[in-house]
2 protein chains.
Amino acid sequence: MSARIRLALVGMGKIAHDQHLPAIAGNDDIELVATVSRHGEPVGGLPFFPNVEALAASGVAVDAVALCTPPQVRRAIAQFAIEQGWHVFLEKPPGATLAEVTALRDAATTRGVSLFASWHSRYADGVEPARSWLSGREVKRATITWREDVRVWHPGQDWIWEPGGFGVFDPGINALSIATRILPRPFFVETAELDVPSNRAAPIAARVAFRDTAGSAIAMDLDFRQEGPQHWDIEVETDAGTLLLAKGGSVLTIDGKEAVAHDAELHGEYPGLYRRFAEIVRAGESDVDVAPLRLVADAFLRGRHIAVEPFVE
Amino acid sequence: MSARIRLALVGMGKIAHDQHLPAIAGNDDIELVATVSRHGEPVGGLPFFPNVEALAASGVAVDAVALCTPPQVRRAIAQFAIEQGWHVFLEKPPGATLAEVTALRDAATTRGVSLFASWHSRYADGVEPARSWLSGREVKRATITWREDVRVWHPGQDWIWEPGGFGVFDPGINALSIATRILPRPFFVETAELDVPSNRAAPIAARVAFRDTAGSAIAMDLDFRQEGPQHWDIEVETDAGTLLLAKGGSVLTIDGKEAVAHDAELHGEYPGLYRRFAEIVRAGESDVDVAPLRLVADAFLRGRHIAVEPFVE
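Residues numbered from 1 in each chain as written. Chains lettered and ligands numbered in written order. Predicted model: local features only at pLDDT ≥ 70, side-chain atom pairs only at ≥ 80, totals over all residues. Heavy atoms only, no water.

Chain A is annotated in an unreviewed UniProt entry as Gfo/Idh/MocA family oxidoreductase from Sphingomonas citri.

Enquirer: Please provide a residue-by-residue account of unusual backbone geometry, values included.
Expert: Residues and elements named next belong to chain A. Note the cis peptide between Lys92 and Pro93, where omega equals -10°. Topologically, Pro93 is positioned in the loop between strand 5 (87–90) and helix 4 (98–111). For Lys247, which is not glycine, the phi dihedral falls at a positive 50°. Relative to the helices and strands, Lys247 resides in the loop between strand 12 (241–246) and strand 13 (251–254). (Helix = DSSP H or I, 4+ residues; strand = E, 2+ residues; numbered from the N terminus.)

Enquirer: Give me the interface of chain B and chain A: which residues, what numbers.
Expert: The interface is formed by 32 residues belonging to chain B together with 32 residues belonging to chain A. Looking only at chain B, the three residues that lose the most surface to chain A are Phe188(B), Leu301(B) and Arg302(B), adding up to 25% of its buried area. Counting every contact that joins chain B to chain A gives 2 salt bridges. In this structure, Arg304(B) engages Glu162(A) in a salt bridge whose closest nitrogen and oxygen atoms are separated by 3.1 Å. At the boundary of chain B with chain A, the tally comes to 9 residue pairs in polar contact (both at pLDDT 80 or more). Mapped by element, the contributors of at least two residues to the side of chain B that touches chain A are helix 3 (74–84), helix 4 (98–111), strand 8 (187–197), helix 9 (291–302) and strand 15 (303–308) of chain B. Looking at the side of chain B that touches chain A element by element, the count peaks at 9 residues for helix 9 of chain B. A breakdown of the residues in the side of chain B that touches chain A according to their chemical character gives 17 nonpolar, 7 polar and 8 charged. (Contact = heavy atoms within 4.5 Å. Buried area = accessible area lost by both parts, 1.4 Å probe. Salt bridge = Lys/Arg side-chain N within 4 Å of Asp/Glu carboxyl O. Polar contact = N/O pair within 3.5 Å; in protein donor to acceptor, adjacent residues only side chain to side chain. Nonpolar A, V, L, I, M, F, W, Y, C, P; charged D, E, K, R; others polar.)

Enquirer: Now, about the relation of the copies chain B and chain A: what can you tell me, with residues and values included?
Expert: The two copies are related by a screw motion: chain B maps onto chain A through a turn of 180° and a shift of 0.0 Å along the axis, at an RMSD of 0.0 Å. A rotation of that kind, with that shift, is consistent with a two-fold axis. A share of 100% of interface residues in chain B that are also interface residues in chain A marks the association as one of identical surfaces. (Least-squares fit on C-alpha atoms with pLDDT ≥ 70 in both.)

Enquirer: Please give an account of the sheet that holds strand 13 of chain A that cites residues and values.
Expert: Residue and element names in this part refer to chain A. Strand order in the open sheet made by the 9 strands is 14-13-12-11-7-10-9-8-15, with mixed pairing throughout. Edge strands, defined here as strands with exactly one partner in the open sheet, are strand 14 (257–260) and strand 15 (303–308). Here the average twist between neighbouring strands, direction ignored, is 15°. Here 8 bridges tie strand 8 (residues 187–197) to strand 9 (residues 205–212), and the two strands are oriented antiparallel to one another. (Pairing = 2+ DSSP bridges. Axes fitted to C-alpha atoms, helices over the stretch in contact; angles between N-to-C directions.)

Dropping the structure here:
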């Protein structure tokens, strides 16, 4: 490997442009060497390819790829990349199913490359302080409220409504990536109601009741139909006061007093992810936590579907 | 622990009577000491209790429990049992969700007891010979056909139609427990269609398309509406001929020639399970393979629901 990690970015959609390109540009340890997208898209004068097979055949030297395609097509690309001996950064969710992620992890281990199942929300400013504060406390109850306007945040993303796109669980899995990191005890789906528009395959809203190993209730309310103020909040009631992690994990307050504030200048999620990716590549390790995806699968497994009115974007 | 493993049987439904009681009676290493069921049910003059809390309070000495309750209530009972220091045998499926099984496994490890996620179909006579024969072969294609009459095999089992009861995946998971054991490569859900009766929460039929890491297709056809001949077959086409594992894993033929025949006198599934349970208890180990449940969760996660006509038993 060269001094810098030579990385190709695959799947040049909204998240690649909004988050990956700036984060890569700001990381001295990583060098963008190519992009891959079906329609071909030159970025900063770099070589670009329609698929990873063409990239591999091109002779461009690559150490790693970051996959930002929709989850439904990610497994085959990741498997090909691992076979090339490339390290792989997976956008969230790491796959459209759990079994494929487990197999990718095993394949990466066998091939001796690093696999990173990234969960960007875990790198929000308030998450690690919230985890520390909760680690010694008794959780009595928690409420996860994740309500965002799908027309604002997911314009034209038809894949999100297809099977494997997860619908409102696409943002909901961000909430679960935080909750599984900060809550001190494991928790499980007890009941789930999934509101599925009659013209779509994936839920537009969901209510999930979890319970942890000590019997405390965790309620999750997801809704893509939210207009006006948007909510990405986790509230945890404990024996020592109430923790509120708001704005997607970036603002932490304890009993109403601000503990960590989001600094827009140093927005840390994707820069944090790329620092972590470089770290595991250097260390020859993988970082694959399937817990958030497992809870989503459990919600579908145990969920009751409720047909609701069609959704037209 | 006494010389024999003192076992209490919990959840005295159809499977406990049909399979567990005879298998326990035939195992010299295991001694039935009590039964537990909501309605109370004396078996062979043994003490019986309405719940595991009453069993624990009774003073009856217990080393292990086998849980045959519906999956939706199994986690809390298993967690209680592990806290008592009892070894735990879980009927299939090991839980109503994946996360709970992972947490039980961790809890059992911490407490130093054995946890057994049993998959009875893996102990059918043809399964290990099929696994051996396939291990050196190239699988080109596989077909899983599991069609049984729900009225015959699951009379009055309302829990099977509730969320977490899995509907036709309750028998279907048996097929997957075999397939994940005998097929040489991991495989993943690519598409799934779930036929859900309009008056029920769980599918009555399903078609799942899997693909393995080498790109071979595995098709699964599940149907609870089968009348007349019943089918529990897995057919695997390889570079060296076609393997057929029929009758739920008990009859193995290779290119039409019978390789292993089912012997009704020595029907081996549950006796095999209890031998294995005694073995892991003696060795201080657990045996928890979640692969079959993970594939079912993936089928729900990635499945398209199709409303079909009401099912009335």
